[in-house]
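# Structural characterization, general
Each chain, written out:
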Amino acid sequence: MLMKISVLEAAEDLNRVTMKLGCVLTAGVLYFSPTMLWAVQMLLDWLILQGPVSPIFEGDPLILRCQAWQDWPLTQVTFYRDGSAMGPPGPKKELSIAVVQEADSGHYHCSGIFRSPGPGSPETASPVAIKVQELFPVPLLRATPSAEPQYGDPVTLSCQTKLPLQRSTARLFYSFYKDSRIVRDRGLSPELQIPTASEAHSGSYWCEAATEDNQVWKQSSKLEIRVQGPSSSTAPPTLNQPPQKSAVPEPTPAASPGPQPPLSTPSKDPGFSTPAQVSDPHLYHQMGILLKQMQDMRALLGHLVTELRNLSALLKLETTKGSAKYE
């Protein structure tokens, strides 16, 4: 009878100890560091998959390690994402993705076969959820005060996006495009200024935001700018070019002999400015008209000189024939 009581008491004591240990482990999850949690997990699993502790954003590198109990050697290691193998089995215990995207999010796990002194049987790690966060949203291009400004009014284009608080020290570079050509390439300012709007500034605009290493870049939707107001009455019909062409026309080859003076070419983004540079698109337009008229005049003079030379030669020939006739 005494022996039975002792056995029952020992079983109850063992049960209480087990319950207390379970409570301690459950409560400790809230306070243990990641290293301690990993150690506790290794007591329960032969194989685990180690992932990043800090948040991971698109553009970051990702390294996952298939870790065995007491670092026993593994063979035939395979990594999986959402249940699908990411490659054939091999000896490498690490999976590395140089630049992750949001599409790389998922549940990862690994499997492998222990070599001696392990159990010698296939083991599978529990899945680990990997969430790749967005580094910054797709930028939004806005026009201030309006996307339909009046002729001569200033316009500011803003490429709007935002970095998360954890990456607030990172730098973004902004580029602006109009009708499939670059207006401004990779600047730190998210704004593009048009000091004086003209018809040449009408067109389809969009912007691009990119990280300094250009690993993450995103483009905005297109924004139509339509400048309202009278068109220039001094421009000849040949200068009615589409908005995407430069305000200065291409030079026309002249028929007159001799070299022509070099023409000055405006920058690739006339009429646009940053805080360090301001240009006048109307002045470029008038210069283009003047240069075109000068070239037309030069071509006309060239034709006139040619005709005079031909006439002089003809008169000389007729004079020679007349002299020979009366001799």
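Residues numbered from 1 in each chain as written. Predicted model: local features only at pLDDT ≥ 70, side-chain atom pairs only at ≥ 80, totals over all residues. Heavy atoms only, no water.

Per an unreviewed UniProt entry, the protein goes by the name Fc receptor-like A isoform X4 and belongs to Mustela putorius furo.

What follows concerns the overall build of the protein. Counting its secondary structure elements, the protein contains three helices and 18 strands. Every one of the 327 residues in the protein was classed for burial, and the buried ones make up 30%. Long-range pairs, those at least 24 residues apart, make up 62% of the contacts in the protein between residues at least 6 apart in sequence. For the protein, the accessible area works out to roughly 21000 Å², and carbon and sulfur atoms hold 60% of it. (Helix = DSSP H or I, 4+ residues; strand = E, 2+ residues; numbered from the N terminus. Buried < 20%, exposed > 50% of the residue type's maximum accessible area, 1.4 Å probe, protein only. Contact = heavy atoms within 4.5 Å. Areas by Shrake-Rupley, 256 points an atom, 1.4 Å probe, with all protein chains shown as cover.)

For the rest of this paragraph, the subject is the pairing of strand β11 (residues 140-144). Burial along β11 is one-sided: the face carrying Leu141 and Ala143 is buried and the face carrying Leu140, Arg142 and Thr144 is not. Across five bridges, the pairing between β11 and strand β12 (residues 155-160) is antiparallel. Residue arginine 142 lies in a different strand from β12, and its bridge partner there is serine 158. (Pairing = 2+ DSSP bridges.)

On to unusual backbone geometry, then. A negative phi angle is the norm for most residues apart from glycine, just as the trans form is the norm for most peptide bonds. For the bond from threonine 144 to proline 145, the omega torsion is 5°, close enough to zero to count as cis. Phi at aspartate 179 takes a positive value of approximately 50°, unusual for a residue other than glycine. By the secondary structure assignment, aspartate 179 is in the loop between β13 (172-178) and β14 (181-187). Of note, the phi angle at serine 180 is positive, near 70°, even though the residue is not glycine. Here serine 180 is to be found in the loop between β13 and β14.

A word on the state of the cysteines. Here a disulfide denotes one covalent bond, and it connects the sulfur atoms of two cysteines. The tally for this structure, following the rule as stated, stands at two disulfides. Here cysteine 66 is linked by a disulfide to cysteine 110, with a sulfur-sulfur distance of 2.1 Å. The sign of the 85° torsion about the S-S bond sets the cysteine 66-cysteine 110 disulfide as right-handed. Linking cysteine 66 in strand β3 (residues 62-68) with cysteine 110 in strand β7 (residues 106-114), this pair joins segments that are 44 residues apart in sequence. A relative accessible area of 0% means that cysteine 66 is categorised as buried. The class of cysteine 110 is buried, set by a relative accessible area of 0%. (Disulfide = S-S within 2.5 Å.)

Here we come to the nonpolar core. Among soluble globular proteins, nonpolar side chains are generally buried collectively. With 23 residues, the main nonpolar core has Phe136, Leu141, Leu157 and Phe176 as its most contacted residues. Contributing elements (two or more residues each) for this core: β11, β12, β13, β15 (191-194), β16 (203-211) and β18 (223-225). (Core = buried A, V, L, I, M, F, W, Y, C linked by side-chain atoms within 4.5 Å.)

Here we take up the sheet that holds β15. Taken together, the three strands give an open sheet; going across it, the order is β11-β12-β15, and neighbouring strands pair in antiparallel fashion. On the outer flanks of this sheet lie β11 and β15, each paired with one strand and no other. Direction aside, neighbouring strands of the sheet carry axes that sit 15° apart on average. Here four bridges tie β12 to β15, and the two strands are oriented antiparallel to one another. Across the sheet, residue serine 158 finds its bridge partner in β15, namely glutamate 191. (Axes fitted to C-alpha atoms, helices over the stretch in contact; angles between N-to-C directions.)

It is worth spelling out the packing of aromatic side chains at this point. Within the structure shown, the criterion is met by four aromatic pairs. Seen in terms of ring centroids, tryptophan 46 and tryptophan 72 are 5.6 Å apart; in terms of plane orientation they differ by 20°. Their pairing is stacked. Linking tryptophan 46 in the loop between α2 (34-44) and β1 (47-50) with tryptophan 72 in the loop between β3 and β4 (74-81), this pair joins segments that are 26 residues apart in sequence. A ring pair is formed by tyrosine 177 and tryptophan 206, whose centres lie 5.4 Å apart and whose planes are at 10°; its orientation type is stacked. Note that tyrosine 177 is positioned in strand β13 and tryptophan 206 in strand β16, a separation of 29 residues in sequence. No difference in accessibility class separates tyrosine 177 from tryptophan 206, as the two residues are buried. Cluster of aromatic residues (ring-pair linked, three or more members): Trp46, Trp72 and Phe114. The positively charged end of arginine 186 is found above the aromatic ring belonging to phenylalanine 173, 4.7 Å away from the centroid. Across the ring face of phenylalanine 136, the terminal group of lysine 218 is positioned such that the distance to the ring centre comes to 5.0 Å. (Phe/Tyr/Trp six-rings, centres within 6.5 Å; stacked < 30°, edge-to-face > 60°. Lys NZ or Arg CZ within 6 Å of the ring centre and 35° of its normal.)

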